[in-house]
Amino acid sequence: MGRAEERRARQRGGRRAAPKRHRSQPTANAPAATDAQPAANAEPTAHISRAATRGRAAKSAKPAKGRIRRLFTWKKILGTVFGLCLLGIGGFTALYLSVDIPKSANKLAQGESNVYKYSDGKILARDGTINRESVDLSKVPRKVQLTFVAAENKSFYHDNGVDLRGTARGLINTLSGKGKQGGSTITQQYVKNYYLDQDQTVTRKLKELVISLKVDREEHKDDILAGYINTSYYGRGAYGIQAAAQAYYGVDAEKLSVAQGAYLAALLQAPSQYDWQAATSTGKKLVRARWNYVLNNMVEEHWLDAAQRKDMTFPIPNEPKGDPGLNGQKGYLVALANTQLEQQLMKKEGLSQSDAEAKVRRQGWTITLNIDKKKQAALEQAVKTQLISKLDPKKRKVDDDVQAGAVSVDPKTGRIVALYGGRNYLDHFYNNATRRDYQPASTFKPVILAAALEGNAKTQDGKPITADTVYDGTSGRQVVDNGTKVGFGPPNEGDASYGKITVQRAMNLSVNSVFAQMGVDVGMEEVMSTANKLGMDTKGMQAVYAQTLGSMGASPLEMAGIYATFDNHGKKVTPTIVKSAEKKGSEVDMPDPIGSEVISRKAADTVTSVLTGVVDDGTAKRSVADNPLRDGQQVAGKTGTSDNNKSAWFTGYTPDLVTSVGLFGEAKKTGAHVPMYGAGGLPRVDGGKFPAQIWAAYTFGVTQKAKFDLDTTQGAAVEPTKSPTLSPPPSPSTSAPHSSAPPSSPPPSSSSPSAPASSSPPPSSEPPSSSPPASPSNSATTPDNPEDPINPLDQ
C-alpha cells in the first residue's frame with residue numbers, strides 16, 4: 001500500500017492505518033484479489049484494526065510516562081535536595097550570624113508582680129516581690145548538681161548544647177498546632193528561662209537553638225548549669241535552687257541532701273502538680289516515680305553508689321508558707337486564678353505545665369477575678385459565725401482538725417462569685433475548695449438519679465425509674481443484677497429499714513440501699529459517664545458498686561459545677577474564677593464557662609425538683625427549710641456524710657446561686673484524714689449541721705427570692721412556706737417530722753407504703769456502714785442521731 005492509499009484508508013476508517021507489514025502483501029505469484037473475495041477479507045481486516053488500536057493506545061501512553069521520567073530524573077531530584085540543603089544551610093548561617101547572645105536577662109528572669117482585682121475592678125492583692133536568690137555553683141553539693149543533669153539531660157557534659165531531634169520535633173509541633181515542645185537540653189532551657197520567653201513560636205525556637213549553640217561554645221558547662229538551677233521555677237513562688245531549698249526543706253542549698261536535690265530536680269517538670277503538700281494522690285505517685293527516675297539515672301551514670309541509692313527514702317517536704325501579702329482568703333483566690341490561667345495558656349499556646357507556671361507567676365499580669373466582694377465577705381462571715389466560733393481546740397482537740405471549704409457559683413454565667421479555702425492561706429496552704437481527696441458521700445446520689453432519668457433506665461422488674469418509682473429500702477439489702485446478688489448490700493444510717501419507699505422519699509432520707517440498687521439498674525459505667533459529663537474528673541475511677549455511696553474523691557469546686565449544671569437545666573457549667581487576664585495590652589481569651597447541654601432539661605429539672613424535697617421534707621429541713629432567714633425562697637440541695645465521719649457536705653442551690661460547702665477532718669500535724677466525732681461539741685458532724693448552717697447563713701443573706709422554672713412532671717418541687725413555723729419538735733416515737741409544706745412527692749400505692757414502720761424510723765444522715773451503731777436502748781424506737789434525738793431528720 002502506497003502512502004496515498006494509506007492516507008485514504010486512514011481517512012475512511014477514522015483511525016490510523018496499521019503499519020506496513022511486507023508479509024501481508026501479495027507476492028508476485030499470489031493471485032490478485034477479486035470482487036468475489038471481500039467477505040473473506042473482512043474478518044482479518046477487523047482483527048488487524050483492533051490490534052492496531054491497542055498498539056496505538058500503548059504508544060499514546062508511553063509519551064506521558066516519558067514526560068514524568070524526564071521531569072523527575074534522579075539527577076533533578078538529587079539536585080533539588082542538594083539545593084534545599086544549601087538553602088537551609090545558608091539560611092541557618094545567616095540566622096546564626098544575625099542572632100547574638102542577649103546582653104541582659106529577659107523580663108521573666110527579672111520578674112514583676114501580678115495585680116489581682118475583684119470583679120468590680122478594686123484591688124484584691126499583689127503577689128509580692130520575686131522570691132529569688134542566686135548562689136554560686138560551688139555552694140551546691142556536687143551530687144545535688146548532678147541530680148538536675150540526671151533528671152533533664154544526661155549528655156549535658158558531652159553535647160553541644162542543643163538537641164536537634166527534640167528541637168525539630170518542637171518546630172513541627174508548633175507548625176502543626178500541637179504546641180508542646182519536644183525534649184530540650186539544660187542549655188536550651190537555661191537560654192529560654194534567662195534570655196527569651198516561654199512563647200511557643202517558630203521564631204523563638206530558632207533563636208533558642210542559635211543562642212544555645214553560642215552559649216555552649218562561649219560559656220563553661222558549670223556556668224550554664226548554675227544559670228539553669230538559679231533561674232528555674234520550682235513552685236511555691238520560688239525561683240532558683242536557694243529559694244527552693246528554703247521553701248521546701250527550710251535549709252540553704254549547700255545543706256541539701258542528694259535525696260532532697262532529686263526531689264527539687266523532679267519538681268521542675270510540673271511544680272504545682274508535684275508539690276507534695278498540695279498534690280493529689282496521682283500527683284504524689286508521679287513525683288515519686290520521677291524522683292526514682294532521677295536517682296536511678298545517677299546510678300546508671302556512675303554518679304551515685306547503688307548501695308547509697310538503695311538506702312534513700314523519699315524526703316517529704318515541709319509545709320509551705322504563703323506570701324505575706326496573700327493572707328486570709330486572698331492566697332486561695334490567687335492560687336486558683338493562676339491555675340486556671342495556666343491551664344488556658346497550656347491549651348491555647350501549647351505550653352508545658354512548668355512553662356505555663358513560669359509565664360504566669362509574678363510576671364506582670366493584671367488578672368480580674370469573678371469574685372464578688374460582698375458575696376466573698378458574706379461567705380467568710382458565714383463560716384466564721386456558723387463554724388469557727390463554735391470550735392475550741394483548747395477544750396476539744398478534735399476541733400483543731402476541722403477544715404472547711406466552699407465554692408459559690410452563678411449558674412447562669414459559671415462565674416465563681418465567692419470561695420473559702422481555709423482559715424488562712426499562710427497557715428493552711430492547701431486549698432480546701434479545690435482539694436479532691438475527700439469523699440462527697442451522699443451528695444453523689446443526685447448524679448445516680450440523673451443517669452437513670454437521662455438513660456430512661458428501668459428497675460430489675462422493668463419499670464421506668466422516676467421520682468415515684470418504689471424500691472425496697474431494707475437496710476443491708478443485697479443488690480441484685482439480673483436475678484443474681486452481686487455481693488454488695490450497704491446498710492442505711494442507724495441500720496434503719498424502710499420497706500417499700502419511693503425514690504423521692506429515699507432521696508429525702510438518703511437511703512443507701514435504694515441508690516445502691518439504682519446504680520446497678522442504671523449501670524455503673526453509665527453512672528460514672530454521667531458524672532464525667534456533669535463535671536466530675538473521673539479519670540482513673542473504677543465503675544464499682546461502692547461509688548453509689550460517693551466513695552470517690554471530689555472537691556467543693558467540682559460539686560458546685562455539677563449542681564450548677566442541674567440548676568442550668570442541663571447545660572454544662574464549668575466554674576471559672578478568671579474574668580480577664582492581660583499583660584501589656586494583650587489579653588488572654590478565656591473559655592466560656594457555659595457549655596452545651598450534657599443532660600436533657602427534663603432530666604436536670606427533675607433532679608432539681610426531687611432535691612427540693614431533701615430541703616423541705618428531708619435531711620436539710622431544720623438547718624435550711626426552717627431557717628428564719630429563708631422567707632419563702634425555693635431551695636434544692638443534698639446533704640452528705642462520709643465513712644467514719646471524715647467529711648460532711650451540703651451542696652444546694654436557689655434559682656440564681658449554687659454553693660457547695662464541705663467539712664474535712666484533717667490532722668493538723670500530719671495532714672492525715674481523721675474523724676470529726678465530737679467537733680464543735682456535737683457527738684457527730686454531718687451534712688445537715690455545720691455545712692447546711694453555713695450554706696443557709698450565706699445564701700439567704702445574698703440572694704433574692706426566686707422560683708425554679710422547671711420542665712418536669714416528676715417530683716413535687718415543694719412550695720415552701722413564707723414564714724416557717726418553729727413549733728416544738730415531735731416526740732421521739734414519731735416516725736417522721738411534721739412538715740409545714742406539702743409532701744415532696746405523691747404517696748405510692750397502698751400496696752407499697754412509702755413510710756417506714758414505726759419500729760424503723762428515718763435516719764439522721766447517710767454515711768456508709770462504718771458509722772457508729774445505734775444505742776441498744778433506743779435502736780428499736782428512735783433513730784441513731786447523736787446530735788438531736790428529738791429530730792430524726794436534723795443532720
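Residues numbered from 1 in each chain as written. Predicted model: local features only at pLDDT ≥ 70, side-chain atom pairs only at ≥ 80, totals over all residues. Heavy atoms only, no water.

A. Just the overall build of the protein, in detail. From N to C terminus, the protein includes 25 helices and 18 strands. A buried classification covers 52% of the 795 residues belonging to the protein. For the protein, restricting intrachain contacts to residue pairs at least 6 apart in sequence, the fraction spanning at least 24 positions comes to 73%. For the protein, the accessible surface area stands at approximately 35,800 Å², while carbon and sulfur atoms represent 52% of it. (Helix = DSSP H or I, 4+ residues; strand = E, 2+ residues; numbered from the N terminus. Buried < 20%, exposed > 50% of the residue type's maximum accessible area, 1.4 Å probe, protein only. Contact = heavy atoms within 4.5 Å. Areas by Shrake-Rupley, 256 points an atom, 1.4 Å probe, with all protein chains shown as cover.)

B. Structural view of the sheet that holds strand E5 (residues 366-369). A sheet is described by the order of its strands in space; here five strands give the open sequence E2-E1-E5-E13-E14, paired in mixed fashion. Of all the strands in the sheet, the pair left with one neighbour each is strand E2 (123-126) and strand E14 (586-587). In terms of strand pairing, E5 meets strand E13 (residues 578-583) through four bridges, oriented antiparallel. Among the inter-strand pairings, Thr 368 is bridged to a residue of E13, identified as Ser 580. (Pairing = 2+ DSSP bridges.)

C. Broad picture of the pattern of salt bridges. Scanning all chains against the criterion turns up 22 salt bridges. Ionic pairing is found between Glu 666 and Arg 435, a salt bridge with its closest N-O pair at 2.9 Å. Here Glu 666 is found in the loop between strand E18 (657-665) and helix H25 (690-702), whereas its partner Arg 435 is found in the loop between strand E7 (416-420) and helix H18 (445-454), with 231 residues between them in sequence. For the pair Glu 666 and Arg 435, one class covers both residues: buried. Residues Glu 558 and Arg 436 are paired through a salt bridge, measuring 2.8 Å at the closest nitrogen-oxygen approach. Highlighted residues: Glu 558 in helix H22 (residues 556-567) and Arg 436 in the loop between E7 and H18, separated in sequence by 122 residues. Using a relative accessible area of 10% as the deciding quantity, one classes Glu 558 as buried. (Salt bridge = Lys/Arg side-chain N within 4 Å of Asp/Glu carboxyl O.)

D. Up close: the packing of aromatic side chains. This structure, assessed with the given rule, holds 19 aromatic pairs. Consider the rings of Phe 148 and Tyr 234, whose centres lie 6.3 Å apart with planes at 80 degrees: the pair is edge-to-face. Remark: Tyr 234 occurs in the loop between helix H9 (221-231) and strand E4 (238-239) and Phe 148 occurs in helix H5 (residues 142-152); sequence separation between them is 86 residues. Exposure class is identical for Phe 148 and Tyr 234. Each is buried. Residues Phe 650 and Trp 695 carry aromatic rings whose centres are separated by 5.3 Å and whose planes lie at 80 degrees to one another, so their mutual orientation is edge-to-face. One end of the pair, Phe 650, is in strand E17 (residues 647-654); the other, Trp 695, is in helix H25, with 45 residues separating them in the sequence. Taken as a pair, Phe 650 and Trp 695 share a single burial class, namely buried. Among the aromatic side chains, those forming a connected cluster through ring pairs are Tyr 248, Tyr 249, Tyr 263, Trp 276, Trp 291 and Phe 314. Note that Lys 221 overlies the ring of Phe 156, its terminal NZ or CZ placed 4.7 Å from the centroid. (Phe/Tyr/Trp six-rings, centres within 6.5 Å; stacked < 30°, edge-to-face > 60°. Lys NZ or Arg CZ within 6 Å of the ring centre and 35° of its normal.)

E. Seen up close, the sheet that holds E17. Taken together, five strands build an open sheet; the order of strands is E7-E6-E18-E17-E16 and the sheet is antiparallel. The open sheet has two edge strands, E7 and strand E16 (636-641), and neither has a second partner. With strand direction ignored, the average angle separating the axes of adjacent strands in the sheet is 5 degrees. For strand E6 (residues 402-409) and E18, the ladder comprises eight bridges, and the chain directions are antiparallel. (Axes fitted to C-alpha atoms, helices over the stretch in contact; angles between N-to-C directions.)

F. Looking closely at the packing of H18 against H22. Two elements in contact, H18 and H22, have axes separated by 11 Å at closest approach and are oriented at 45 degrees. Relative to H22, the element H18 lies oblique. The element H18 and its partner H22 pack so that their crossing is left-handed. Contact residues: H18 offers Pro 446, Val 447 and Ala 450, while H22 offers Ile 562, Tyr 563 and Phe 566. Partitioned by chemical class, the residues of the contact of H18 with H22 number six nonpolar, no polar and no charged. (Parallel < 35°, antiparallel > 145°, perpendicular 65-115°, else oblique. Left-handed = near helix turned anticlockwise from the far one by under 90°. Nonpolar A, V, L, I, M, F, W, Y, C, P; charged D, E, K, R; others polar.)

G. Quick peek at the environment of Gln 277. Inspection of the secondary structure assignment puts Gln 277 in the loop between helix H12 (271-274) and helix H13 (281-300). Residues Gln 277 and Phe 429 lie 152 residues apart in sequence; the distance between their C-alpha atoms is 8.1 Å. Ignoring any residue separated from it by four or fewer positions in sequence, one finds Gln 277 in contact with Arg 236, Ile 316, Pro 317, Asn 318, Glu 319, Pro 320 and Tyr 430. Polar side-chain contacts of Gln 277 include one of 3.1 Å to the side chain of Arg 236. (Polar contact = N/O pair within 3.5 Å; in protein donor to acceptor, adjacent residues only side chain to side chain.)

H. Just the pairing of E7, in detail. Where burial is concerned, most of E7 is hidden: five out of the five residues are buried. Two elements, E6 and E7, share four bridges in a ladder whose sense is antiparallel. In the sheet register, Val 409 faces E7, and the bridge partner there is Ile 416.

I. Spatial organisation of the pairing of E18. E18 sits mainly inside the fold: nine of its nine residues count as buried. By the alternation rule, side chains of E18 split into Leu 657, Thr 659, Val 661, Leu 663 and Gly 665 and Val 658, Ser 660, Gly 662 and Phe 664, which are all buried. Both E17 and E18 contribute to a ladder of eight bridges, which runs antiparallel. Paired with Phe 650 across the strands is Val 661, a residue of E18.

J. Main features of unusual backbone geometry. Residues other than glycine seldom take positive phi values, yet Ala 441 does so here, at roughly 55 degrees. Tracing the backbone through its elements, the reader meets Ala 441 in the loop between E7 and H18. With relative accessibility at 3%, the residue Ala 441 sits in the buried group. Even without being a glycine, Asn 645 presents a positive backbone phi close to 55 degrees. Relative to the assigned elements, Asn 645 resides in the loop between E16 and E17.

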